[in-house]
Amino acid sequence: MRTELTERLGIEHPIIQAGMSAEGGPALATAVSGAGALGTIGSIGAGPDVLEQQIKRCRDLTDKPFSVNVVTFDWAPFGQQLLEVAIEQQVPIVTLSFGNPLPSLERCRAAGVKTLVQVQDLESARAILHAAPDALIVQGNEAGGHTGRRGTLNFAAQVLDLAGNIPVVLAGGVGNGRGLAAALAMGAAGVVMGTRFKASEEFADGGPPESAAVLRWQKDAIVASDGSNTLYDEILDNAYGLAWPNQVTGRALRNRFTQEWEGRHEELRQKVAAEPPFAFVQGLARSPETAINWAGESSGLVDEIKPAAQIVAETVQQAEQLLGQVAARTGSAPA
Ligand SMILES: Cc1cc2nc3c(=O)[nH]c(=O)nc-3n(C[C@H](O)[C@H](O)[C@H](O)COP(=O)(O)O)c2cc1C
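Treat the numbers as computed from the prediction; the structure is a model and nothing was measured. (Residues numbered from 1 in each chain as written. Predicted model: local features only at pLDDT ≥ 70, side-chain atom pairs only at ≥ 80, totals over all residues. Heavy atoms only, no water.)

Engineer: An account of the pairing of strand β3 (residues 66-71) is requested, with residue identities and associated values reported.
Structural biologist: Taking burial as the measure, the six residues of β3 include six buried ones, the bulk of the element. Burial along β3 is two-sided: Phe66, Val68 and Val70 and Ser67, Asn69 and Val71, pointing in opposite directions, are all buried. Relative to β3, strand β2 (residues 39-41) runs parallel, the two being bridged by three bridges. If you follow Ile41 over to β3, its bridge partner there is Val68. With respect to chirality, the unit in which β2 leads through helix α3 (residues 48-61) into the neighbouring parallel β3 is right-handed. Where β3 meets strand β4 (residues 93-97), five bridges bridge the pair, whose relative direction is parallel. In the sheet register, Asn69 faces β4, and the bridge partner there is Thr95. The parallel pair β3 and β4 is bridged by helix α4 (residues 79-88), and the resulting crossover is right-handed. (Buried < 20%, exposed > 50% of the residue type's maximum accessible area, 1.4 Å probe, protein only. Helix = DSSP H or I, 4+ residues; strand = E, 2+ residues; numbered from the N terminus. Pairing = 2+ DSSP bridges. Right-handed = clockwise from strand over helix to strand, strands pointing away.)

Now the structure itself:
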């Protein structure tokens, strides 16, 4: 499946595995890249040393292109330092998201690193298109993790009309080949999938043993979800004591923590502020029933924990089949 995205990035399939904090580590990224899509290591949640080790690990495991995701809101922990590590290590591709990614885009470009930027609103899309990234990722509200307020399809359609020759990639709600086919049919150059790859065998493989049970529970909860039990609410950030930029909030699966705190922003903010940094969220993380399970509505499309390479192969196969059927059904020959 060739698109402007695969051409520009030197990959075989127009699928990007989302950077998912430092947890989405080298095992997942290199399994995805090895399968011909673009694997990504996340960086938020750990320090520069961990990122450097993870980049080196990716290099040991694959010679295919992979990406490093850096979160660019001003007060993101270690934000700029993480970007500098990625540049020093000469990673092939960097993916930026949130806040103001423009200075980081310029920094990457000056260093000769291919750069993808994920945006959540139209104003940012216009500004980033003007700066001509290697691709623009349009992220809709259905997404897992942090996201904006726009629905994926109509937001992407608007941006596609503005994008000229810059490849546009859809993120948010894509969990299988139907989403990929829809994205390509509307003119996008590919998709990002996060939630689907969180429920892969490789996600967070190699993490601390004490988190293994929580993680297994989280993946099982994504499999069990029909897509209707996610929550988009500030309490998810209040639990960390972090404020994300305007119009950006987290989406996660409902659980005992969300049941207890949904909508009680101010109360939770005050409780968390009275405790040492990150103590509250670390307390939540100890139990599977309270740990924040970042995941989006595409949870409803996840029916099994699978190896990442199988997810890539099945997604491509289903999209190819569907696009062929569309051409046959509508009497339109593929271009
Ligand atoms: C578990 C999880 C963690 C995420 N962490 C990050 C992150 O660290 N940086 C980032 O830019 N986006 C992050 N995202 C959002 C993704 O970049 C992407 O937009 C989203 O996963 C796409 O929607 P989907 O979950 O429906 O596939 C995360 C998403 C999930 C599910």
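After that view of the structure, there is still more to cover.
Engineer: Tell me about the pattern of salt bridges, residues and numbers included.
Structural biologist: Applying the stated criterion across every chain, the model contains 14 salt bridges. Lys64 serves as the salt-bridge partner of Glu12, at 3.7 Å between the closest nitrogen and oxygen. With a gap of 52 residues between them, Glu12 in the loop between α1 (4-9) and β1 (15-17) and Lys64 in the loop between α3 and β3 connect regions that are remote in the sequence. Its relative accessible area of 30% is what places Lys64 among the partly exposed residues. We note a salt bridge from Lys56 to Glu52, for which the minimum N-O separation is 2.9 Å. With Lys56 and Glu52 both in helix α3 and four residues apart, the pair spans about one turn of that helix. By relative accessible area, Lys56 is classed as partly exposed at 42%. The exposure class assigned to Glu52 is partly exposed, which follows from its relative accessible area of 25%. Residues participating in the shared-partner salt-bridge network are Glu234, Glu266 and Arg269. (Salt bridge = Lys/Arg side-chain N within 4 Å of Asp/Glu carboxyl O.)

Engineer: How would you explain the site of the ligand if you had to name every residue and give the values?
Structural biologist: In the region of the ligand, 24 residues are neighbours, and Asn69, Gln139, Gly173, Gly194 and Thr195 sit closest. One of the side-chain N or O atoms of Gln139 is found 2.8 Å from an oxygen atom in the ligand. One nitrogen or oxygen atom from the side chain of Thr195 is found 2.6 Å from an oxygen atom belonging to the ligand. Taken by itself the ligand offers 590 Å² of open surface, and the protein chains cover 96% of this. Elements that contribute at least two residues to the shell around the ligand include exactly β3 and α9 (195-198). Among the residues making up the shell around the ligand, the classes are represented as ten nonpolar, 13 polar and one charged. (Near = heavy atom within 4 Å. Polar contact = N/O pair within 3.5 Å; in protein donor to acceptor, adjacent residues only side chain to side chain. Areas by Shrake-Rupley, 256 points an atom, 1.4 Å probe, with all protein chains shown as cover. Nonpolar A, V, L, I, M, F, W, Y, C, P; charged D, E, K, R; others polar.)

Engineer: Tell me what's going on with the sheet that holds strand β8 (residues 168-171), and back it up with residues and numbers.
Structural biologist: Taken together, eight strands build an open sheet; the order of strands is β1-β9-β8-β6-β5-β4-β3-β2 and the sheet is parallel. Edge positions in the sheet fall to β1 and β2, since each of these pairs with one other strand and no more. Neighbour-to-neighbour, the strand axes of the sheet open up by a mean angle of 25°, direction not taken into account. Along the sheet, α3 contacts β2 and β3; its crossing angle with β3, the most-contacted strand, is approximately 165°. The strands touched by helix α7 (residues 152-162) are β5 (114-119), β6 (135-139) and β8; relative to β8, the strand with the most contacts, the crossing angle is about 170°. (Axes fitted to C-alpha atoms, helices over the stretch in contact; angles between N-to-C directions. Contact = heavy atoms within 4.5 Å.)

Engineer: How would you summarise unusual backbone geometry if you had to cite specific residues and measurements?
Structural biologist: Phi angles above zero are rare outside glycine, and Ser21 is one such case at about 50°. Topologically, Ser21 is positioned in the loop between β1 and α2 (26-34). Even without glycine at this site, Gln90 takes up a positive phi of about 50°. For Gln90, the location among the structural elements is in the loop between α4 and β4.

Engineer: Break down the packing of α2 against helix α15 (residues 308-330) for me, with residues and values.
Structural biologist: In a packed pair of helices, the relevant descriptors are the angle between the two axes and the axis-to-axis distance. The N-to-C vectors of α2 and α15 enclose an angle of 35°; their axes lie 8 Å apart at closest approach. Crossing angle aside, the handedness with which α2 passes α15 is right-handed. Seen from α2, the contacting residues are Leu28, Ala31 and Val32; seen from α15, they are Ala308, Ala309 and Val312. Across the contact of α2 with α15, the residue classes tally to six nonpolar, no polar and no charged. (Left-handed = near helix turned anticlockwise from the far one by under 90°.)

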